[in-house]
Amino acid sequence: MSLVTLTINNKQVEVEEGTTILEAAKLLNIKIPTLCHLNLHDLKMVNQTASCRVCVVEVEGRRNLAPACATPVFNGMVVKTNTIKAIKARRTVVELLLSDHPKDCLTCEKNTNCELQALAADLGVSNIRYEGKISTYPIDNSSKSIVRNLDKCILCRRCETVCNKVQTVNVLSGVDRGFETVVAPAFGLPMTETSCTFCGQCVAVCPTAALTEVNNVPEVWRALKNKDKYVVVQTAPAVRAALGEEFGYEPGTDVTGKMVSALRSLGFDKVFDTDFAADVTIMEEASEFVHRLQHGGKLPILTSCCPGWVKFFEHQFSDLLDVPSTCKSPQEMFGAITKSYYAEKMGIDPKNIMIVSVMPCLAKKYEAARPEFGKDGVQDVDVVISTRELAKMLKEAGIDFNSLEDENFDNPLGESTGASVIFGTTGGVLEAALRTAYEWLTNSTLENVDFEQVRGIEGIREATVKINDLDVKVAVAHGLGNARKLLEKIRSGEANYHAIEIMACPGGCIGGGGQPYLKGDIETLKARASAIYGEDKKKTIRKSHENPEVIKFYKEYMGEPYGEKAHELLHTHYVKRQKM
Ligand code: SF4
Ligand code: SF4
Ligand code: SF4
């Protein structure tokens with residue numbers, strides 16, 4: 001591809017032909033505002049609808065302003081991004097958007113996190129000169145995960161691009177025309193009547209509060225006030241790698257110790273770690289894998305810890321329901337273990353235990369309510385809040401996060417290994433399972449536990465691991481579009497893998513729909529992944545089957561991994577799904 005040279009704001013830059021003005025400006029660290037453009041984690045899934053017209057710039061020799069996101073550069077091009085004409089045009093666009101917007105910023109879910117609000121402030125919009133009809137729509141709060149409030153939609157179509165091109169779920173698209181246009185499920189159906197996976201990736205990219213998570217914070221406050229309840233909190237591995245961002249820490253700062261201390265200050269009776277259950281997941285999943293391998297069972301085995309991914313295959317690949325592992329997710333295993341093993345140990349009635357999960361994920365809110373995840377009318381998990389919601393709670397409580405001293409999780413369900421920590425990033429579950437399966441199958445010590453081949457950010461990664469005489473073929477996919485590609489290969493019989501890890505969110509849980517807003521930034525995503533691998537390296541025990549508390553749990557209570565009791569408590573089944 002040939003190179004072209006252009007000038008932006010008097011600075012020269014050389015870029016490949018076909019590059020847009022917006023991309024070229026980025027290389028010069030020149031910020032051009034936009035509300036619709038999105039380059040999600042460099043996935044080349046760019047939302048380039050040029051629908052907001054906020055990124056308009058002046059190009060020498062052209063009468064009309066050009067949208068920087070959709071205008072390719074040419075040799076000798078001269079661009080000015082900050083002329084009065086461009087700024088005025090942007091201000092007009094923002095005023096027009098605000099003229100059909102509720103303007104209830106102070107009480108809005110996205111207050112201080114809204115891109116429209118921030119842009120209006122940057123442009124000094126203090127007066128809206130346009131008046132007209134304001135659109136109003138019923139709020140869709142049918143699901144446990146996501147709220148759609150179209151009154152706040154600015155029709156940027158980022159959600160549509162993410163849902164259709166990245167996730168290939170095709171729930172959201174533009175319907176109707178002109179002033180009536182909305183981005184919605186077909187026939188205006190509520191989310192619960194669609195094949196939405198509740199991955200929350202649309203929420204993660206929505207610039208306004210048109211798409212938000214269901215707010216479960218009030219339920220947690222109520223539980224903490226209730227003296228009759230023994231309130232236990234569990235935190236997923238990806239939370240600690242991103243929570244600090246909400247308090248001004250650099251992306252990739254591991255704030256595990258402060259997070260534990262903050263949760264204790266909130267008043268939880270026990271602060272435990274989902275990582276304990278992730279180690280148990282590996283005991284079960286690796287046993288299931290070894291069992292399938294040795295008894296001619298169905299291969300490849302697919303991981304099943306991601307509820308977004310589970311719902312995806314229940315809708316779209318229901319002919320393959322016997323392929324995924326039957327293991328519950330770590331969040332659900334944790335709930336089941338606490339309300340059985342731990343309750344018995346402590347002499348507490350499971351009905352009086354309340355489990356609060358802090359998750360990077362919106363699909364976990366839906367998962368907690370699935371009827372099969374409970375026993376005798378008691379759900380395994382009671383309330384799920386996201387990383388963002390935890391940050392909100394800590395701010396509400398006036399906790400000075402930055403000055404907290406590091407504290408450790410409570411025992412026994414706070415004990416974990418490096419293998420469980422890496423569940424938080426793409427490739428981590430497979431790597432953790434390989435560490436255990438290798439030792440079980442070879443009866444020897446695995447000296448180097450780092451399976452670098454399955455790490456990274458490529459959408460689909462493949463590797464071969466020699467175990468005894470067998471070349472074990474494994475694959476990793478993150479993002480449901482990539483998952484679809486692998487599943488289609490399995491369906492057609494083309495795939496010859498032994499094990500596959502799938503995570504619904506690009507990057508895995510570190511890029512989950514409940515994490516601090518990433519705005520598609522790949523560098524932040526990579527920094528979160530390195531925080532996860534850093535914590536794994538720091539652990540003295542890095543294989544799940546060596547977790548002393550997990551060993552004790554099986555010895556005292558559970559019996560054999562993948563045994564009868566384990567099936568009852570830690571495994572599940574899948575169903576063909578048409579709606580929620
Ligand atoms: S949650 Fe995921 S599947 Fe559902 S609409 Fe949003 S992007 Fe699509
Ligand atoms: S719901 Fe949000 S992301 Fe989707 S079009 Fe509206 S403003 Fe954009
Ligand atoms: S990848 Fe993680 S955050 Fe995303 S849906 Fe799955 S479990 Fe939730």
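Predicted model only: the values in this text are computed from it and were never measured.

### Regarding the overall build of the chain
- Scanning the chain for helices and strands turns up 19 helices and 21 strands.
- In terms of C-alpha radius of gyration, the chain reaches 25 Å, essentially the compact-globule figure of 25 Å for 580 residues.
- In terms of its C-alpha atoms, the chain occupies a principal-axis envelope of roughly 75 × 55 × 50 Å.
- A buried classification covers 61% of the 580 residues belonging to the chain.
- Surface summary for the chain: the accessible area is close to 23700 Å², and the carbon and sulfur share equals 49%.
- Computing the positive centroid from 68 side-chain charges and the negative centroid from 75, the chain places the two 6 Å apart.

### Considering the domain arrangement of the chain
- According to the domain assignment, the chain contains domain 1 (23-71 + 78-134), domain 2 (139-214) and domain 3 (218-570).
- In this structure, domain 1 and domain 2 have C-alpha centres spaced 21 Å apart.
- The partner domain 2 presents 19 residues to the 25 residues of domain 1 that form the contact.
- Taken together, the two surfaces of domain 1 and domain 2 that pack against each other cover about 1800 Å², and 60% of this comes from carbon and sulfur.
- One can count 2 salt bridges joining domain 1 with domain 2.
- Between Glu-115 and Arg-158 there is a salt bridge, with its nearest N and O atoms 3.0 Å apart.
- Linking domain 1 with domain 2 are 9 residue pairs in polar contact (both at pLDDT 80 or more), by the criterion used here.
- Of the residues belonging to the side of domain 1 that touches domain 2, the class tally is 12 nonpolar, 7 polar and 6 charged.

### Points about the side chain of Asp-536
- Relative to the helices and strands, Asp-536 resides in helix α17 (residues 522-538).
- For Asp-536, a relative accessible area of 0% corresponds to the buried category.
- Those residues in contact with Asp-536 that sit more than four places away from it in its chain are Gly-418, Ala-419, Val-421, Ile-422, Arg-435, Asp-450, Arg-455 and Arg-542.

### Section: the sheet that holds strand β2 (residues 11-16)
- What the 5 strands build is an open sheet, ordered β2-β1-β7-β5-β6; its pairing is mixed. Each having just a single partner strand, β2 and β6 (66-67) make up the two edges of the open sheet.
- Pairing of strand β5 (residues 56-59) with β6 involves 2 bridges; the strand directions are antiparallel. Along β6, the bridge assignment pairs Val-56 with Pro-67.

### As for helix α15 (residues 428-442)
- End to end, α15 covers 21 Å across 15 residues, agreeing with the expected 21 Å (1.5 Å per residue, within 8%).
- Here α15 lies mainly inside the structure; 14 of its 15 residues are buried.
- At the C-terminal side of α15, Asn-443 shows a positive phi close to 55 degrees.

So, how was this worked out
- Residues numbered from 1 in each chain as written.
- Chains lettered and ligands numbered in written order.
- Predicted model: local features only at pLDDT ≥ 70, side-chain atom pairs only at ≥ 80, totals over all residues.
- Heavy atoms only, no water.
- Helix = DSSP H or I, 4+ residues; strand = E, 2+ residues; numbered from the N terminus.
- Rg over C-alpha atoms; globule rule 2.2 N^0.38 Å.
- Buried < 20%, exposed > 50% of the residue type's maximum accessible area, 1.4 Å probe, protein only.
- Areas by Shrake-Rupley, 256 points an atom, 1.4 Å probe, with all protein chains shown as cover.
- Lys, Arg positive; Asp, Glu negative; His and termini not counted.
- Charge placed at Lys NZ, Arg CZ, Asp CG, Glu CD.
- Domains from an automatic or database assignment.
- Contact = heavy atoms within 4.5 Å.
- Buried area = accessible area lost by both parts, 1.4 Å probe.
- Salt bridge = Lys/Arg side-chain N within 4 Å of Asp/Glu carboxyl O.
- Polar contact = N/O pair within 3.5 Å; in protein donor to acceptor, adjacent residues only side chain to side chain.
- Nonpolar A, V, L, I, M, F, W, Y, C, P; charged D, E, K, R; others polar.
- Pairing = 2+ DSSP bridges.
- Expected span 1.5 Å × (residues − 1).

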